[in-house]
Number of protein chains: 4
Amino acid sequence: MSGFQKPSPLRPRKKPRQPRSAETVASILEAAAQVLEAAGFEGFNTNAVARRAGVSIGSLYQYFPNKEALTIALIRRETERFQTDAVQALEEASGAAAMSHFIAAAVRHQLRRPVLARLLDIEESRPEFRRELSGLQAYEQLLVTILRRDDLPAQARPEVAARDIVAMMRGIIDAAGERGERDLNDLSRRVRAAVFGYLAGTASRNVSAGEPAPECEQV
Amino acid sequence: MSGFQKPSPLRPRKKPRQPRSAETVASILEAAAQVLEAAGFEGFNTNAVARRAGVSIGSLYQYFPNKEALTIALIRRETERFQTDAVQALEEASGAAAMSHFIAAAVRHQLRRPVLARLLDIEESRPEFRRELSGLQAYEQLLVTILRRDDLPAQARPEVAARDIVAMMRGIIDAAGERGERDLNDLSRRVRAAVFGYLAGTASRNVSAGEPAPECEQV
Amino acid sequence: MSGFQKPSPLRPRKKPRQPRSAETVASILEAAAQVLEAAGFEGFNTNAVARRAGVSIGSLYQYFPNKEALTIALIRRETERFQTDAVQALEEASGAAAMSHFIAAAVRHQLRRPVLARLLDIEESRPEFRRELSGLQAYEQLLVTILRRDDLPAQARPEVAARDIVAMMRGIIDAAGERGERDLNDLSRRVRAAVFGYLAGTASRNVSAGEPAPECEQV
Amino acid sequence: MSGFQKPSPLRPRKKPRQPRSAETVASILEAAAQVLEAAGFEGFNTNAVARRAGVSIGSLYQYFPNKEALTIALIRRETERFQTDAVQALEEASGAAAMSHFIAAAVRHQLRRPVLARLLDIEESRPEFRRELSGLQAYEQLLVTILRRDDLPAQARPEVAARDIVAMMRGIIDAAGERGERDLNDLSRRVRAAVFGYLAGTASRNVSAGEPAPECEQV
DNA sequence: TATGAATGAGTGTTCATTCAT
DNA sequence: TATGAATGAACACTCATTCAT
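Basis of the calculations
Residues numbered from 1 in each chain as written. Chains lettered and ligands numbered in written order. Predicted model: local features only at pLDDT ≥ 70, side-chain atom pairs only at ≥ 80, totals over all residues. Helix = DSSP H or I, 4+ residues; strand = E, 2+ residues; numbered from the N terminus. Buried ≥ 20, exposed ≤ 12 C-beta atoms within 10 Å, placed from the backbone. Contact = placed C-beta atoms within 7 Å. Domains from an automatic or database assignment. Nonpolar A, V, L, I, M, F, W, Y, C, P; charged D, E, K, R; others polar. Expected span 1.5 Å × (residues − 1). Axes fitted to C-alpha atoms, helices over the stretch in contact; angles between N-to-C directions. Parallel < 35°, antiparallel > 145°, perpendicular 65-115°, else oblique. Left-handed = near helix turned anticlockwise from the far one by under 90°.

A. View of the overall build of chain A. Within chain A one finds ten helices and two strands. Every one of the 219 residues in chain A was classed for burial, and the buried ones make up 37%. Summarising the internal contacts of chain A: among those between residues at least 6 apart in sequence, 65% fall at separations of at least 24.

B. Structural view of the domain arrangement of chain A. Residues and elements named next belong to chain A. Looking at the assigned domains, one finds that chain A contains domain 1 (19-65) and domain 2 (75-205). Between the C-alpha centres of domain 1 and domain 2 the distance comes to 28 Å. Contacts between the two partners involve five residues from domain 1, matched on the other side by five residues from domain 2. Of the residues assigned to the side of domain 1 that touches domain 2, the class counts are four nonpolar, no polar and one charged.

C. Spatial organisation of helix H4 (residues 67-86) of chain B. Taking 1.5 Å per residue, 20 residues should reach 28 Å; H4 of chain B reaches 29 Å between its end C-alpha atoms and fits that length. Restricting attention to buried positions, one finds in H4 of chain B the residues Leu70, Thr71, Ile72, Leu74, Glu78 and Ala86 of chain B.

D. Quick look at helix H5 (residues 95-112) of chain A. A rise of 1.5 Å per residue sets the reference length of H5 of chain A, with its 18 residues, at 26 Å; its end C-alpha atoms lie 26 Å apart and thus fit the reference within 8%. Where burial is concerned, most of H5 of chain A is hidden: 13 out of the 18 residues are buried.

E. Molecular detail of the packing of helix H9 (residues 158-178) of chain A against helix H10 (residues 184-202) of chain A. Residue and element names in this part refer to chain A. Interhelical geometry of H9 versus H10 gives an angle of 155° and a closest axis separation of 10 Å. Classified by the angle their axes make, H9 and H10 are roughly antiparallel. Taken as a pair, H9 and H10 cross one another with a handedness that is right-handed. Two secondary-structure elements touch here, H9 through Ala161, Asp164, Ile165, Met168, Met169, Ile172, Ile173 and Ala176 and H10 through Leu187, Arg190, Val191, Ala194, Val195, Tyr198 and Thr202. Residues belonging to the contact of H9 with H10 are distributed by class as follows: twelve nonpolar, one polar and two charged.

F. Spotlight on the environment of Leu119 of chain D. Residue and element names in this part refer to chain D. For Leu119, the position within the fold is in helix H6 (residues 114-124). The exposure class assigned to Leu119 is buried, which follows from the 22 C-beta atoms found within 10 Å. Between the C-alpha atoms of Leu119 and Asp174, which are 55 residues apart in sequence, the distance is 9.2 Å.

Right, dumping it as structure tokens:
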């Protein structure tokens, strides 16, 4: 907002080395998460975060050069939690199993803190953040890898498919979380339907004598 | 303080009676759209809108009692454009054709002004607005109607399906618009794949001897 | 408030000659009174007055060059009502009776529209208005006349006494009106006690062998 | 929006802990007093107060959550000065002496800063403030206590008398201050005349063979 | 290194007043 | 003469950020 934040980079100001610093950083991040959950974008301000973290506003700025850096660090924290879970999808025997693993991880992640996840999804898409976070879309790469497995319908443009899948998963899961859904299994099943349906519908060749969903290209 | 002056705080303040007013209102709304597109949430403030509309800030507040009312009016304007297009889906002969019509309308709408559409989708979900806009989610009802057509895979919970479909459509289309995609046909095809795939995967009974997408329930 | 109101005099812009104008002026004044009563200083604005009067804001400014002129006209209207009543005090046979008449008139006036009377008393004291209204304090002159009657305790400084009496009457009556008192007789009795007590206590010579209130000068 | 941030909206926002803060608060309050004196209600705005206090507008809002809270704090500051003086009236040997002490304190208080005192008296009566300040009307209770002393004319309704006395004292003193009177003794004498006269005139029984003011009930 | 007081540009909103129709 | 749309200065208040202690 207020003008003169040009020279400040978006990464945490100092790598915390001492355990006390690490704790402080962690408590600030968790406070940021809680403020965002409780008060939304409107109430998400650095003073509120510092207060809830039990540190002074000065300390907050010791660890984060500005508000954006704080937000980005929070996005990073949440994304990493998801990714360590999602990466294990690669261990699955089949592509379908891997994809299901990925979906389940996403659903679990989103329903753990639905409000937070939804708001961070929105923040994440802000142009100022895209640049800084570009490296983070590792999960799209992960999805591309999964999509190349033999047992899944082959995709002519796996990157496009990966992005579509991420987008539709987010759409469904965010909306479900917003409505207060908590049934992981039910939600996962619907997401699988969408994802596998999409894959079948956009396949460049058939898989294992399976039938394409014949409705997709009519009209 | 006063007492007798609180009508409904989120609706437009005065019906413009003179043609001059109608123009002013229209120019304010269009300015709001442009400011949102050009400057995002950050830059979306009433002074900027008035300036771009070429009217004084006082004029803006003569027609919109506050910023929220302006945002809502803008959402209404955009939603209505989409809905008049989408409703015609009901004229289609088959359910599949109707659904495809709906999808095409959504894609067309979103790609017409992708940034605006995306930002309004986000605004729309803010709790303060949900209430006021609840009537607007008419398209979910429209979708439910379409989903009951015979030729589409029957859904045990059509409302859930409708919401999921809206959510995943939005997800895919918003993300595509964000990346700058402009190919309506390609995007529509992928959305159809997702939607019809989802329907097949969540169907409660088979349609016309068709096979379900067998991948969905494994794992 | 907003700057450029220098050249505007405080008297009504035009003497209404046609009956329609007179009606309009009257309706504006009554609307002003009602808005002030209902919404206090906070809600007392020219647009609200015009709306309640059922005329356009432009018409209001046709008859009153600015807000102050409107307020002053309202004060005048109310003061005149009181004065035509109060002047009749001079007809009373004795000074005491005249004073009692004056007091009763003041109480009646104030309790007729207590909120309005109180707020106008406050407005009246604003420096911008003092000048314009100086002529209006006719009732102080009236009081001086009454105070010179033989049967009342003679005052060395009748003008000072007159002002004190007006001030204390207002104080008591306004406060009573504010608390919702409606009993004219009770209130009049207390005001008489205060006024006649004051006169006795400040008398420069005794009246008709009466005793001074002995408490006044001790301590 | 947010939820967890509405303490009590009219009390000072933070207790100043550092001495620096205490100074700031004091300077803001004194600036508020001076702005009110110099510019009246019209010119009494938070920016002007901050400017005169030599602090930023942000600092003002760090200590006072809104303009009303500032006004209330100012009223409190002034009232307390008066009350510590007035309470000592209870030490006086006789009721009459106590009452005279009370009157003298009020006159002293009001003439110390007449304009300020007058404007604050008006503010004090605004409905929004009555609630918050209700505790402050301690001096009415004080007056009731004094009125019960043996040597004063007994009052059937001491609370009513107390309120009337406060109101008439204010009326006389405010008006005197407004006219620029500075002679404490002269003014006190007149106020005493009014108050003791009132008491004599409303007495429910005679005091120590004294005579009632016989003028009161004639007419 | 931590604190929290201080800063001030910026934002939403009001309302007295003007003037084209 | 009446209307009401338009104006814009002014005001209450917020919040990211700095810096003396």
